[in-house]
Amino acid sequence: KAEEKKELGNKAFGSKSYDEAIKHYTEAIQLDATNHVYFSNRSASHGGKGDWADAATDAKECIKLNPSFVKGYYRLATAQTELGNWDAAIATIKQGMNVEPDNSQLSKLLRQVKAKR
């Protein structure tokens, strides 16, 4: 049931219907609040809307539920960057790189953040 909600969210996200995606991911979370992917996807949907504070909150929950899921760090660091929290973003990226040292997305984001700071 929760996976069905996630699939509906993925379809909405794919067509940039972020509010609808958030609704479906929230329903999935209500059915299974232990699945880190639901929080990761909802974080991405908040980011799609430019709602970076909520994106960061969901990314933090994603990391808490699964500290080895590198995409969670990427989502959090992206939100922190958009919020202008450069030092926090760099710390998050470094945490993610401890999990997966050769992650190209994190390496690229680290260069971008350092350039902005």
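Above this text is the structure in question.
Anyway, here's the lowdown on the structure attached to this text.

What about the packing of helix H5 (residues 70-82) against helix H7 (residues 104-116)?
(1) Moving on: At their nearest, the axes of H5 and H7 sit 11 Å apart, and the two run at 15° to each other. Of the possible angle classes, the one that applies to H5 and H7 is roughly parallel. As for how H5 packs across H7, the hand of that crossing is left-handed. Taken together, the residues of H7 that come into contact with H5 (itself represented by Val70, Tyr73, Tyr74, Ala77, Thr78 and Thr81) are Gln105, Leu106, Leu109, Val113 and Lys116.
(2) Moving on: Class assignment of the residues belonging to the contact of H5 with H7 gives a composition of seven nonpolar, three polar and one charged.

Focus on the nonpolar core
(1) Moving on: If you look at the biggest cluster of nonpolar residues, it comprises 10 residues: Val70, Ala77, Ala89, Ile90, Ile93, Met97, Leu106, Leu109, Leu110 and Val113.
(2) Moving on: For this core, the elements supplying multiple residues, two or more each, are H5, helix H6 (86-99) and H7.
(3) Moving on: When neighbours within four sequence positions are excluded, Met97 is seen to be in contact with Leu106, Ser107 and Leu110.
(4) Moving on: By size, the runner-up hydrophobic cluster in this structure holds seven residues, among which are Ala56, Ala59, Tyr73 and Leu76.

Observations concerning the environment of Ala88
(1) Moving on: Tracing the sequence through the fold places Ala88 in helix H6.
(2) Moving on: On the basis of relative accessibility, which here comes to 30%, the residue Ala88 falls in the partly exposed class.

As for the pattern of salt bridges
(1) Moving on: Enumeration over the complete set of coordinates arrives at seven salt bridges.
(2) Moving on: Note that Arg42 and Asp58 form a salt bridge whose closest N and O atoms lie 2.6 Å from each other. Placement of Arg42 in helix H3 (residues 36-48) and of Asp58 in helix H4 (residues 52-65) is noted, with a sequence separation of 16 residues between them. Comparing Arg42 with Asp58 shows no difference in burial state: the two are buried.
(3) Moving on: Counted as one network, the salt bridges with shared partners bring together Lys5, Lys23 and Glu27.

Thresholds, definitions, all that
All residue numbers here refer to positions counted from 1 along the written sequence of the relevant chain. With pLDDT at 70 or above as the cut-off, local features in this predicted model cover only qualifying residues; side-chain atom pairs require 80 or more to be listed or tallied, and sums for whole chains, interfaces and linings still use all residues. In computing side-chain properties, one takes all heavy atoms of the structure into account and sets aside hydrogens as well as water. To obtain each axis, a line is fitted to C-alpha atoms, and for helices this fit is confined to the stretch in contact; angles are then taken between N-to-C directions over 0 to 180 degrees. Helix and strand definitions here come from DSSP, where helices need a minimum of 4 consecutive H or I residues and strands a minimum of 2 consecutive E residues; each element is numbered from the N-terminal end. For classification, angles of less than 35 degrees are called roughly parallel, those exceeding 145 degrees roughly antiparallel, those between 65 and 115 degrees roughly perpendicular, and all remaining angles oblique. If you view the pair so one helix is near and one far, a crossing is left-handed when the near helix is turned anticlockwise from the far one by less than a right angle, and right-handed when it is turned clockwise. What makes two residues a contact is simply this: any of their non-hydrogen atoms within 4.5 Å. Gly falls in the polar group here, along with every residue not listed as nonpolar (Ala, Val, Leu, Ile, Met, Phe, Trp, Tyr, Cys, Pro) or charged (Asp, Glu, Lys, Arg). Side-chain atoms within 4.5 Å link the members of a nonpolar core, which is a set of buried Ala, Val, Leu, Ile, Met, Phe, Trp, Tyr and Cys residues. Residue burial is assigned from relative accessible area. The probe radius is 1.4 Å, only protein chains are included, and a residue is buried under 20% of its type maximum, exposed over 50%, and partly exposed in between. For salt bridges, the criterion is a side-chain nitrogen of Lys or Arg within 4 Å of an Asp or Glu carboxyl oxygen.

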